[in-house]
Amino acid sequence: IGTLLVRKRFKDLIGFIFMGGSLIKIGGFIAITKFNDIEINKNVFLDFFIAYLICLILEVYYFSRILKSIN
């Protein structure tokens, strides 16, 4: 949603905004698990990773559509 708001103003930086958002999401997940001493077993990691992978594929698809519409 944030990308849709800034796509016209920062059209040259959309790729970096996407990568920064991905870094923030992964960093947030790691920070929450480390600070709360949550142990991640294989099943929990797979549940997170599969959901993250599906969302990442959708994000890449929509970002590519945004980038094509800007040019």
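> Explanation requested: the packing of aromatic side chains in the structure shown.
The geometry of two aromatic rings is summed up by the distance between their centres and the angle between their planes. The final tally for this structure, using the stated rule, is four aromatic pairs. Ring plane angle 20 degrees and centroid distance 5.8 Å describe the contact between phenylalanine 48 and tyrosine 52, whose orientation is recorded as stacked. Note that phenylalanine 48 and tyrosine 52 are positioned in helix 3 (residues 42-70) at a spacing of four residues, about one turn of the helix. Its relative accessible area of 16% is what places tyrosine 52 among the buried residues. In textbook terms, an aromatic cluster arises when at least three aromatic residues are bridged by ring pairs, as seen for Phe29, Phe48 and Tyr52.

> Even after reading the chapter, I still don't get helix 2 (residues 14-35), so can you show me in this structure?
Each turn of an α-helix holds 3.6 residues, which means side chains three or four residues apart point in the same direction. Relative to the 32 Å expected for 22 residues at 1.5 Å per residue, helix 2 spans 31 Å between its end C-alpha atoms, a close match to the ideal helical length. Within helix 2, burial applies to Ile14, Phe18, Ser22 and Thr33. Viewed along the axis of helix 2, the buried residues span an arc of 95 degrees, placing them on a single side of the element. Exposed side of helix 2, more than 90 degrees from the buried face: Phe16, Leu23, Ile24, Lys34 and Phe35 are the residues found there. Immediately beyond the C-terminal end of helix 2, within one or two residues, lies aspartate 37, with a positive phi of roughly 50 degrees.

Calculation criteria
Residues numbered from 1 in each chain as written. Predicted model: local features only at pLDDT ≥ 70, side-chain atom pairs only at ≥ 80, totals over all residues. Heavy atoms only, no water. Phe/Tyr/Trp six-rings, centres within 6.5 Å; stacked < 30°, edge-to-face > 60°. Helix = DSSP H or I, 4+ residues; strand = E, 2+ residues; numbered from the N terminus. Buried < 20%, exposed > 50% of the residue type's maximum accessible area, 1.4 Å probe, protein only. Expected span 1.5 Å × (residues − 1). Arc of directions from axis to C-beta.

Shape is all these values report; function is a separate question.
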